[in-house]
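Chain residues, written in single-letter form:
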Amino acid sequence: MKARVATLEREAARAPAKPVPFDGGEIVEDRDANRVQIHFEDRPDRAMIQKLKSSGFKWSRRNQAWQRQNTDAGRAAAQRVVGLMKGGAFSRMAGVVLW
């Protein structure tokens, strides 16, 4: 129980992340809904949809985005799925702060 409280306090203290752009969309953190969302400019292809599903993302008709719970693992999965994280390390992107 103490570990969960500590996790919630750490998340509440963390500054809200700015949207992270990638080629074809952006990753957005919705703190009110406790979700990390991936918005695509166009419908992703079948391979990308399969990758999203296998990484725990579900399509939200309400938000028009692929989303999952906003955790460290969820944010890392979002970056990995869209190709911003390769081989377990963040890619270097000028001017973009990844979570």
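Below is a summary of the structure that appears in this document. This one's a predicted model, so the numbers in the text were calculated from it and none came from an experiment. (Residues numbered from 1 in each chain as written. Predicted model: local features only at pLDDT ≥ 70, side-chain atom pairs only at ≥ 80, totals over all residues. Heavy atoms only, no water.)

### With respect to the overall build of the protein chain
Helix and strand content of the protein chain: 3 helices and 7 strands. Secondary structure elements in the protein chain, listed N-terminal to C-terminal, are α-β-β-β-α-β-β-α-β-β. Buried positions account for 32% of the 99 residues belonging to the protein chain. Taking all contacts inside the protein chain whose residues are at least 6 apart in sequence as the whole, residues at least 24 apart take part in 46%. Accessible surface computed for the protein chain: about 6,900 Å², of which carbon and sulfur atoms make up 51%. (Helix = DSSP H or I, 4+ residues; strand = E, 2+ residues; numbered from the N terminus. Buried < 20%, exposed > 50% of the residue type's maximum accessible area, 1.4 Å probe, protein only. Contact = heavy atoms within 4.5 Å. Areas by Shrake-Rupley, 256 points an atom, 1.4 Å probe, with all protein chains shown as cover.)

### Notes on the pairing of strand β5 (residues 65–69)
Sheet topology places strand β3 (residues 35–40) next to β5; 4 bridges connect them, and they run antiparallel. Across the sheet, the residue bridging to Q37 is Q67, located in β5. Across 3 bridges, strand β4 (residues 58–60) lies against β5 in antiparallel orientation. By the bridge assignment for β5, K58 is matched with Q67. The hairpin turn running from β4 into β5, its antiparallel successor, is 4 residues long, and Q64 in that turn takes a positive phi close to 55 degrees. (Pairing = 2+ DSSP bridges.)

### Points about the sheet that holds β5
What the 5 strands build is an open sheet, ordered β1-β2-β3-β5-β4; its pairing is antiparallel. The open sheet has two edge strands with one neighbour each: β1 (20–22) and β4. In this sheet, adjacent strand axes meet at a mean angle of 30 degrees when their direction is disregarded. (Axes fitted to C-alpha atoms, helices over the stretch in contact; angles between N-to-C directions.)

### Structural notes on helix α2 (residues 46–54)
By the burial criterion, the buried members of α2 are M48, I49 and L52. The arc that holds every buried residue of α2, seen down its axis, measures 100 degrees, which confines them to one face. Exposed residues pointing more than 90 degrees away from the buried face of α2 are listed as R46, A47, Q50, K53 and S54. Of the surrounding elements, those touching the buried residues of α2 are β3, β5 and α3 (72–81). A positive phi of about 90 degrees marks G56, the residue just after α2. (Arc of directions from axis to C-beta.)

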